[in-house]
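Read off the chains here:
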Amino acid sequence: MEIHKVGVLGAGTMGNGIAQVFAASGFEVLMRDVGQGALERGYSAIEKSLGKFVEKGKLTAEDSQAALARVNTTTELGEMAECDLVVEAIFENFEAKSSAFAELDGLLRPEAILASNTSSIDITRLAAVTKRPDRFIGMHFFNPVPLMSLVEIIRGLSTSDETYQTVRDLAVRLGKTPVEVKDYPGFVSNRILMPMINEAVFAL
């Protein structure tokens, strides 16, 4: 499936970072949050981040402005109906995420893909609230998104090979390093990180 328009659910630190990397890679982006204030802060964060890339000579001023022009914002979930891919990046709460996915599932075209940036919630469980578990996947970016290269790609039990390949190829187009990960609590990075943090507390 060809991806042209990408929706990003959430304009916080992760959401605006994800929106930025997609826009900088040439995708049309629609960033959605529940309040106009959150959207303005998210858009401002993208503008500031792109400005730093320009200052460091990693991006031209023209490319920065072009990327910003590709980012649109909305408070209406219904406006995401034309997106080919929606990446969810709201807070880590199953009920909040599942409610958003269930609503998105009824809005998007049947072939559209849903992805979650969750760092810990079971992808198969999230996919089960939709009627498209084969087109549901985990796409876990790392903070700060514009600088961190790793993306964990997590298959649910029903995620199709086509969905996986589409999302993996997308990550490469974004200049990221995709790693296929099993749908296990904490995936890989957090599964390793949490025992290290616990051990540090024990040592202290």
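Please refer to the structure placed before this passage.
Below is a short write-up of the structure. Given the structure is predicted, the values throughout are model-derived calculations rather than measurements. (Residues numbered from 1 in each chain as written. Predicted model: local features only at pLDDT ≥ 70, side-chain atom pairs only at ≥ 80, totals over all residues. Heavy atoms only, no water.)

1. Overview of a positive patch on the surface
A cluster of basic side chains, namely K48, K52, K56 and K58, defines a positive patch on the protein surface. Mapped onto the fold, K52 is located in helix α2 (residues 36–55). Note on K52: relative accessible area 44%, which makes it partly exposed. (Patch = residues over 30% accessible without salt bridge, like charges linked within 9 Å, V, L, I, M, F, W, Y side chains within 5 Å. Areas by Shrake-Rupley, 256 points an atom, 1.4 Å probe, with all protein chains shown as cover. Salt bridge = Lys/Arg side-chain N within 4 Å of Asp/Glu carboxyl O. Lys, Arg positive; Asp, Glu negative; His and termini not counted. Charge placed at Lys NZ, Arg CZ, Asp CG, Glu CD. Helix = DSSP H or I, 4+ residues; strand = E, 2+ residues; numbered from the N terminus. Buried < 20%, exposed > 50% of the residue type's maximum accessible area, 1.4 Å probe, protein only.)

2. Considerations on the pattern of salt bridges
Per the counting criterion, the structure on display carries 9 salt bridges. The residue K97 makes a salt bridge to E88 at a minimum N-O spacing of 2.3 Å. The burial state of K97 is the same as that of E88; both residues are buried. Each of the salt bridges in this network shares a partner with another, and the network as a whole consists of E82, D84, R109 and E111.

3. Re the side chain of T130
Topologically, T130 is positioned in the loop between α5 (123–127) and β6 (136–141). In this structure the side chain of T130 is engaged in a polar contact, spanning 2.8 Å, whose partner is the backbone oxygen of A127. Residues contacting T130, with those up to four places away along its chain left out, are F101, D105, L114 and F136. (Polar contact = N/O pair within 3.5 Å; in protein donor to acceptor, adjacent residues only side chain to side chain. Contact = heavy atoms within 4.5 Å.)

4. Things to note about a nonpolar patch on the surface
The grouping of I197, V201 and F202 at the surface amounts to a nonpolar patch, some 330 Å² of accessible area in total. Positionally, V201 belongs in helix α7 (residues 189–203).

5. Concerning unusual backbone geometry
In this model, N143 is joined to P144 through a cis peptide bond whose omega is 0 degrees. Within the fold, P144 resides in the loop between β6 and β7 (150–155).

6. Focus on the packing of aromatic side chains
The way to describe two aromatic rings as a pair is by their centre distance and the angle between their planes. Scanning the entire structure with this criterion turns up 2 aromatic pairs. The interplanar angle of 80 degrees and the centroid separation of 5.5 Å between the aromatic rings of F22 and F27 together place this pair among those described as edge-to-face. Note on accessibility: F22 and F27 belong to one class, buried. Consider the rings of F101 and F136, whose centres lie 4.7 Å apart with planes at 70 degrees: the pair is edge-to-face. Placement of F101 in helix α4 (residues 94–107) and of F136 in strand β6 is noted, with a sequence separation of 35 residues between them. (Phe/Tyr/Trp six-rings, centres within 6.5 Å; stacked < 30°, edge-to-face > 60°.)

These figures come from the coordinates and say nothing about function on their own.
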